[in-house]
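Each chain, letter by letter, is given below.
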Amino acid sequence: MLLGRVPHHDIALGTYQRSDGQKFKLTARLFELPAEYDYWQATYDGEHDQWGHMRFVLTVPKKIASSLDFARAIVTGSALDQVKACLNSASDKGRDLAPCFALDGWVLI
């Protein structure tokens, strides 16, 4: 299945400014995967004026987010906090690609 053909929700997340002044415009896209998929998929984009785009992928099991509203709450809450934490160590050469496994079940790469 191509994600481009799946219904999705674009989410503007504002600008994140690090303590050193570097700024990232943050957006997310939450995909409504069909019922037979047992997870939600979301992508994040952190756009920096000089460094370009830093992208992330989030997978949220439907057993911890049984509805679109719950999935959106994770995308705009705890997972977003982790995206910001990852951007704290990003540089003009990119960012660390290590996966982050949250205790409540979602995974961010």
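Residues numbered from 1 in each chain as written. Predicted model: local features only at pLDDT ≥ 70, side-chain atom pairs only at ≥ 80, totals over all residues. Heavy atoms only, no water.

For the rest of this paragraph, the subject is the overall build of the chain. In terms of helices and strands, the chain carries 2 helices and 6 strands. Counting from the amino terminus, helix and strand elements in the chain follow one another as β-β-β-β-α-α-β-β. Radius of gyration (C-alpha) of the chain: 14 Å, near the 13 Å computed for a compact globule of 109 residues. Overall, the C-alpha framework of the chain stretches about 45 × 30 × 20 Å when taken along its three principal axes. Every one of the 109 residues in the chain was classed for burial, and the buried ones make up 37%. Taking as baseline every contact in the chain between residues at least 6 positions apart, the subset at least 24 positions apart corresponds to 50%. Within the structure as shown, the chain displays about 6500 Å² of accessible surface, and the carbon and sulfur contribution to it stands at 51%. Taken together, the 12 basic and 13 acidic charged side chains of the chain have centroids lying 3 Å from each other. (Helix = DSSP H or I, 4+ residues; strand = E, 2+ residues; numbered from the N terminus. Rg over C-alpha atoms; globule rule 2.2 N^0.38 Å. Buried < 20%, exposed > 50% of the residue type's maximum accessible area, 1.4 Å probe, protein only. Contact = heavy atoms within 4.5 Å. Areas by Shrake-Rupley, 256 points an atom, 1.4 Å probe, with all protein chains shown as cover. Lys, Arg positive; Asp, Glu negative; His and termini not counted. Charge placed at Lys NZ, Arg CZ, Asp CG, Glu CD.)

Turning our attention to the pairing of strand β2 (residues 23-31). Note on strand geometry: in a regular strand, side chains alternate between the two faces of the sheet. The pairing of strand β1 (residues 8-17) with β2 spans 8 bridges and is classified as antiparallel. Across the sheet, the residue bridging to I11 is A28, located in β2. Pairing of β2 with strand β3 (residues 39-48) involves 7 bridges; the strand directions are antiparallel. The partner of A28 across the bridge, within β3, is Y44. (Pairing = 2+ DSSP bridges.)

Here we come to the nonpolar core. Counting residues in each nonpolar core, the largest one holds 28 residues, and the members touching the most others are Y44, L58, L87 and W106. Contributions of two or more residues to this core are made by β1, β2, β3, β4 (52-61), α1 (68-76) and α2 (78-87). With 5 residues, α2 is the single largest residue contributor to this core. Beyond its immediate stretch of four places on either side in the chain, L58 contacts W40, Q41, A42, Y44, I74, V75, A79, W106, V107 and L108. (Core = buried A, V, L, I, M, F, W, Y, C linked by side-chain atoms within 4.5 Å.)

The strands that make up a sheet pair up through hydrogen bonds in the backbone, lying either parallel or antiparallel. In spatial order, the strands read β1-β2-β3-β4-β6-β5; together these 6 strands make up an open sheet with antiparallel pairing. With partners counted over all chains shown, the strands left at the sheet margins are β1 and β5 (100-101), one partner each. Bridge count for β4 against strand β6 (residues 107-108) is 2 bridges, and the pairing is antiparallel. Across the sheet, the residue bridging to T59 is V107, located in β6. Set on the sheet, α1 makes contact with β1, β2, β3 and β4; between it and β1 the angle comes to about 20°. (Axes fitted to C-alpha atoms, helices over the stretch in contact; angles between N-to-C directions.)

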